[in-house]
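Residue-level structural notes
Listed below, chain by chain, are the residues.
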Amino acid sequence: MTTRHDEIANALENVQDRVLVAARNAGRRVDEITLIAVTKTYPVSDVAILRQLGVENFAENRDAEGAMKSKEVPGTWHFQGQIQSNKLNSIATWADVVHSLDDMRHVLRLDRAVPKGKKISVFIQVSLDESPHRGGVEALGLAPLAQSILESTNLQLKGLMAVAPLGENPESAFARLALIHSDFCQQFPQSTSLSAGMSNDFETAIAYGATHLRIGSSILGSRMDLL
Ligand SMILES: *Cc1c(COP(=O)(O)O)cnc(C)c1O
């Protein structure tokens, strides 16, 4: 009988191997790529197993789940879900990184909510299509948001985040993202990070410069997708 530990260990190793191959094929160094395990909907016992296996970066889409799991398992905790402004005070207490900033009001509120002595790293989410349901600002809206992050006290601008649109081939979506990111870096040279790539498209994302991969189901198995 395979235990949950072995199951996760095997899946994780498989993903890590694929990351290595994709990085090599893209002529990139694997140490510039951070694998973030997306643990949303999975039990905290799975997070503890991942931690034992050496994973240190975890992401959640919901405040309550992130708050609970981050209390149990130490690590670098990422928030990547749609932001509800009444949750920002809580998110600021447990999240080290926020991937989904796409609204000026959230920048100001999050900055004020960061506990004393803490800094939160942030990605601005850019939308790669017209449909707003997956979040993100259009490319033209990036600069004002970046400017307000630079003027904040407690937020550090890391770069851009995106999700490949449903129904578009990830190759063309991430090619577009790479162009947007390189333009953005001309204006905001500290924004070298690019958060892109999920279970179904992370190899393509690596080919187009992703530095932060957000991977859930390839590591933890299929999930009831309620989010
Ligand atoms: C759920 C989710 C992921 C992980 O998706 P998988 O397909 O399980 O790898 C990554 N990014 C965001 C924004 C998500 O909501």
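First, a word on scope: everything that follows refers to the structure included in this document. (Residues numbered from 1 in each chain as written. Predicted model: local features only at pLDDT ≥ 70, side-chain atom pairs only at ≥ 80, totals over all residues. Heavy atoms only, no water.)

A closer look at helix H7 (residues 170-187)
Its 18 residues place the ends of H7 26 Å apart at the C-alpha level, agreeing with the 26 Å of an ideal helix rising 1.5 Å per residue. Within H7, the full set of buried residues consists of Ala 173, Phe 174, Leu 177, Ile 180, His 181, Phe 184 and Cys 185. Taken down its axis, H7 places every buried residue within 135 degrees of arc, on the same side. In H7, the exposed positions angled more than 90 degrees off the buried face are occupied by Leu 179, Asp 183 and Gln 186. Contacts from the buried residues of H7 go to strand E5 (120-125), helix H6 (142-150), strand E6 (155-161), strand E7 (193-195) and helix H8 (202-207). Of the residues that open H7, the one with a side-chain oxygen 2.7 Å from the backbone nitrogen of Glu 171 is Asn 169. (Helix = DSSP H or I, 4+ residues; strand = E, 2+ residues; numbered from the N terminus. Expected span 1.5 Å × (residues − 1). Buried < 20%, exposed > 50% of the residue type's maximum accessible area, 1.4 Å probe, protein only. Arc of directions from axis to C-beta. Contact = heavy atoms within 4.5 Å. Polar contact = N/O pair within 3.5 Å; in protein donor to acceptor, adjacent residues only side chain to side chain.)

Considerations on a nonpolar patch on the surface
Judged by side-chain polarity, Leu 20, Val 21 and Val 30 come together as a nonpolar surface patch covering roughly 210 Å² of accessible area. Within the secondary structure layout, Val 30 lies in the loop between helix H1 (4-25) and strand E1 (34-38). (Patch = residues over 30% accessible without salt bridge, like charges linked within 9 Å, V, L, I, M, F, W, Y side chains within 5 Å. Areas by Shrake-Rupley, 256 points an atom, 1.4 Å probe, with all protein chains shown as cover. Salt bridge = Lys/Arg side-chain N within 4 Å of Asp/Glu carboxyl O.)

Digging into the side chain of His 106
Looking at the element boundaries, His 106 is found in helix H5 (residues 104-113). Residues within four places of His 106 in sequence aside, it is in contact with Ile 83, Ser 85, Leu 88 and Leu 101.

Details of the packing of H1 against helix H2 (residues 44-52)
It is the contact of H1 with H2, at a shortest axis distance of 10 Å, that shows an interaxial angle of 55 degrees. Judged on the interaxial angle alone, H2 and H1 are oblique. With respect to the hand of their crossing, H1 and H2 are arranged in right-handed fashion. Two secondary-structure elements touch here, H1 through Arg 4, His 5 and Ile 8 and H2 through Asp 46, Ile 49, Leu 50 and Gln 52. For the contact of H1 with H2, the per-class residue count stands at 3 nonpolar, 2 polar and 2 charged. (Axes fitted to C-alpha atoms, helices over the stretch in contact; angles between N-to-C directions. Parallel < 35°, antiparallel > 145°, perpendicular 65-115°, else oblique. Left-handed = near helix turned anticlockwise from the far one by under 90°. Nonpolar A, V, L, I, M, F, W, Y, C, P; charged D, E, K, R; others polar.)

Any functional reading would require information that these geometric values do not contain.
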